[in-house]
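Here are the chains, one letter per residue:
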Amino acid sequence: MSTVPRWVLVVVGVVILVAALDVVVFVTARSHGEAAVVPRARTGAVAVIDPRSGYVMTRIEVGREPTAVAAGFGGVWVLNKAEGTVTHIDARNAHVVSTLVPDATANALTLGAGGIWFAGHARSRASAPLEAALLERIDPATGAVDRRFETHTGASVVAAGRGAVWSTGYLGGHVRGAARSDAATGALRRLDIGIYGDLVTADDAAVYYVASIANRVASVSTRTGLLTGSLNLISDASLAAGHVPGSATGVVLGAGSVWISKSDGTVLRVPRDLDRITADIKACANALAVAYGESAVWVACGDETVVRVDPATNRASKVASVGRLPRGIAAGEGGVWVTLN
């Protein structure tokens, strides 16, 4: 009787783990202390944390199922995924300015290239092909949409940098991949990065795509649109030893490094040239999202806490309990902003 190779068992284990991830996150988040008795609100909220004291200063009601959040241009911008809307919060007084109902049912949001960009399918075209997506930009000065492009990116994640929006999605023809959309014209260019990067972050120098299942990160030059580096986030030796890796859950740039949160509660620190992993930091049991700002790395965790990582020492410390399951996190404009479901 033949024996099943060990690597097959490892791969099967990874697939099962990824398929069950959402359930595990929810159960883990509800199994610590008395968190299960927290009343469930009809709307989501944003917790505002003082980055110096770690004190939760206030909670702001927003739309249903808030996920992505970005801080900049004097405000905070929240994607309410269940509604496809974007809520604008004044960072100075933590009050809601407005909630925008755009033409696109927003499912991804980022900040840069002159404003706040979001992507989604048109509300009026429910039967449109999967690759059809709208890219829209909010002018932070007016709060109104000032740019709108119809694209074939099928964008499900987006980042902005060097006058472009960088995305991953369904490109049509049974192809899923990455693309660059010019922020001025909407002109689309497909990218060959060698992975399906379902997480992305960017600045004016480079774009970083992370494949959460494949545990790999790739970098692309924003000047040329060409692949400049790639790195496995788990070694062959670890796989051969039967270690099942956690999946990547978030990626952000800061302090000269790429920071990647993982479902096993670790945060990886990688130099921008992707030549090695310089730190593997245990932050919590289940890291759901990561952000950089206010001179630190911030991690939203499945046990309803927020952890601060000091870039100078790579040490993690719990700073706050937010009382509900976090989905997204941003740091800037004087605060740490955590979306709560």
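Anything mentioned here points back to the structure above.
Rules behind the numbers
- Residues numbered from 1 in each chain as written.
- Predicted model: local features only at pLDDT ≥ 70, side-chain atom pairs only at ≥ 80, totals over all residues.
- Heavy atoms only, no water.
- Disulfide = S-S within 2.5 Å.
- Helix = DSSP H or I, 4+ residues; strand = E, 2+ residues; numbered from the N terminus.
- Buried < 20%, exposed > 50% of the residue type's maximum accessible area, 1.4 Å probe, protein only.
- Pairing = 2+ DSSP bridges.
- Axes fitted to C-alpha atoms, helices over the stretch in contact; angles between N-to-C directions.
- Phe/Tyr/Trp six-rings, centres within 6.5 Å; stacked < 30°, edge-to-face > 60°.

Lay out the state of the cysteines in plain terms, naming residues and giving numbers.
With the rule as written, the count across this model stands at 1 disulfide. The disulfide partner of Cys-284 is Cys-301, and the S-S distance across this bridge is 2.2 Å. Linking Cys-284 and Cys-301, the disulfide has an S-S dihedral of approximately -90 degrees and is accordingly described as left-handed. Here Cys-284, found in the loop between strand E22 (279-282) and strand E23 (287-293), pairs with Cys-301, found in strand E24 (residues 296-301); they are 17 residues apart in sequence, far enough to count as distant. As far as burial versus exposure is concerned, Cys-284 and Cys-301 are alike and both buried.

I'd like to hear about the sheet that holds strand E28 (residues 335-340), residue by residue, with values.
By way of backbone hydrogen bonds, the strands of a sheet pair with one another, either parallel or antiparallel. One open sheet holds the 4 strands; their spatial order is E2-E1-E28-E27, and the pairing between them is antiparallel. Strands at the two margins of the open sheet, each flanked by one partner only, are strand E2 (56-61) and strand E27 (326-332). Taken pair by pair, the neighbouring strands of this sheet meet at an average axis angle of 20 degrees, ignoring direction.

Could you give me a rundown of the packing of aromatic side chains, with the residues and numbers involved?
This model, assessed by the stated rule, comprises 1 aromatic pair. For the pair Trp-117 and Phe-149, a centre-to-centre distance of 6.3 Å together with 20 degrees between the ring planes defines the contact as stacked. Highlighted residues: Trp-117 in strand E8 (residues 115-122) and Phe-149 in strand E10 (residues 145-151), separated in sequence by 32 residues. Of the residues examined, Phe-149 reaches a relative accessible area of 12% and is grouped as buried.

Break down unusual backbone geometry for me, citing the residues and quoting the values.
Phi is positive for Glu-65, which is not a glycine, with a value near 55 degrees. Topologically, Glu-65 is positioned in the loop between E2 and strand E3 (66-72).

Go over the sheet that holds strand E18 (residues 227-232) with me, naming the residues and quoting the values.
With respect to topology, 4 strands assemble into an open sheet ordered E15-E16-E17-E18, the strand pairing being antiparallel. Looking along the sheet, the strands with just one partner apiece sit at the ends: strand E15 (199-202) and E18. Geometrically, the sheet is characterised by an average inter-axis angle of 15 degrees between neighbouring strands, direction not taken into account. Pairing analysis gives 5 bridges linking strand E17 (residues 216-221) to E18, with the strands arranged antiparallel. In the sheet register, Ser-219 faces E18, and the bridge partner there is Gly-229.

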